[in-house]
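# Remarks on the overall topology
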Amino acid sequence: MDRWVGKVAIVTGASSGIGASAVQALARAGMAVVGLARRVERVEELKKTLPPEVGSRIHAYRCDVTSEDSIVSAFAAVDRQLGGVDVLINNAGVSKLTCTLLTPGNGQDLRTVMDTNVMGLVHCSREAFQSMKRRQVAGHIVNINSILGHKYIGFPNLNIYGASKYAVTAITETLRNDLRNEGTQVKVTSISPGIVRTEMVPEGKQFENTPMLEAEDVVGAILYALGTPPHVQVHEVIVKPVGEMD
């Protein structure tokens, strides 16, 4: 991670779970970290729990990744205030467990999933790349995917979530091809965890005996991918808890 000390990372969905853990880990590694979140006050509170020298490297920006305008504004602010982005962690994701594909009136919920998990990731990647290209930076884009982006699993009420993660798998490869055609040295990595203990997992008995990863386990995979030498690109990391069935 030495090559990233003093460089700028953007983490989407930074208010909780994997995003919040990534913000902390990257700041501890010496990066200036911008946490993008709708609940930006949570990122501000996170800073207060860290040693001052770590917290001072964290910057909280309000951003709704379902809005292209919000994304463009946030990345422009990072360019103005911090000089641009070197690492992007596309972590923001959402599921809507209250509906199926066949539930009447489900349109807005399904659009929210696709706008967050797919279009938000694409728009953030575009803006990050433009910042890297302007500055001729060999940056790194990390997409937080899912095992559901590689295999269909019949969990109840996943509706369009699995399809959104299959899209992330295809988009990652498309990005890699586009970056190669651009003649850049920007890397793209997909990290696909099994079930992770975050706010996305419903409370109650449904998952009480289910093996789960912790957010820090996924962040370990992020740090591994970022820590590779410039000539090494990690394409895909699948990480699951011991005992997970599928």
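Right above here is the structure, for reference.
The text that follows walks through the structure, step by step, so that each part is easy to find. (Residues numbered from 1 in each chain as written. Predicted model: local features only at pLDDT ≥ 70, side-chain atom pairs only at ≥ 80, totals over all residues. Heavy atoms only, no water.)

## Structural notes on empty space enclosed by the protein
Selection criterion: For cavity detection a 1 Å grid was placed over the protein atoms alone, and a set of points counts as a cavity when a 1.4 Å probe fits there but cannot get out; an open set counts as a pocket when protein lies on both sides within 12 Å along at least five of seven lines, with lining residues being those that have an atom within 4 Å of a point. Grid points are joined across faces, edges and corners, and a volume is the space filled by probe spheres set on the points. We count a stretch as a helix when DSSP gives it H or I for four or more residues in a row; a strand needs E for two or more, and each element gets its number in order from the N terminus. Polar here means any residue outside two lists: the nonpolar Ala, Val, Leu, Ile, Met, Phe, Trp, Tyr, Cys and Pro, and the charged Asp, Glu, Lys and Arg; Gly therefore counts as polar.
Taken as a whole and judged by the stated rule, the model has one cavity of 30 Å³ or more. Within this model, the largest cavity holds a volume of roughly 50 Å³. Lining the largest cavity are Thr12, Val65, Asn90, Asn91, Ala92, Thr116, Asn117, Gly120, Leu121 and Cys124. For the lining of the largest cavity, the element with the most residues is helix H5 (residues 107–134), which contributes five residues. Here the lining of the largest cavity is built from residues that sort into four nonpolar, six polar and no charged.

## Describing the packing of helix H4 (residues 68–82) against H5
Our working definition: Orientation is described by axes fitted as lines to C-alpha atoms, over the contacting stretch for helices, and by angles from 0 to 180 degrees between their N-to-C directions. An angle below 35 degrees is treated as roughly parallel, one above 145 as roughly antiparallel, one from 65 to 115 as roughly perpendicular, and anything else as oblique. Should the near helix be turned anticlockwise from the far one by less than a right angle, the crossing is termed left-handed; should it be turned clockwise, right-handed. Any pair of residues with heavy atoms lying within 4.5 Å of one another is described as a contacting pair.
Between H4 and H5, whose axes approach to 10 Å, the crossing angle comes to 25 degrees. The angle between the axes of H4 and H5 places the two elements in the roughly parallel class. Handedness of the H4/H5 crossing: right-handed. Across the interface between the two elements, Glu68, Ile71, Val72, Phe75 and Asp79 from H4 touch Gly120, His123, Cys124, Arg126, Glu127, Ala128, Ser131 and Arg134 from H5.

## Describing the pairing of strand E6 (residues 187–193)
The criterion, for reference: Residue exposure (1.4 Å probe, protein chains only): buried if accessible area is under 20% of the type maximum, exposed if over 50%, otherwise partly exposed. Should DSSP find at least two bridges between two strands, the strands are regarded as paired. We call a crossover right-handed when, viewed with both strands directed away from the observer, the connection leading from the first strand over the helix to the second proceeds clockwise.
Of all seven residues in E6, seven are buried, a share of seventy percent or more. Relative to E6, strand E5 (residues 140–144) runs parallel, the two being bridged by five bridges. What sits directly across from Asn143, in E6, is Ser190. Taken together, E5, helix H6 (residues 161–181) and E6 constitute a β-α-β crossover, and its handedness is right-handed. Looking at chain direction, E6 and strand E7 (residues 236–239) are connected through four bridges and run parallel. Residue pairing across strands places Ser190 opposite Glu236, the latter belonging to E7.

Any functional reading would require information beyond the geometric quantities listed.
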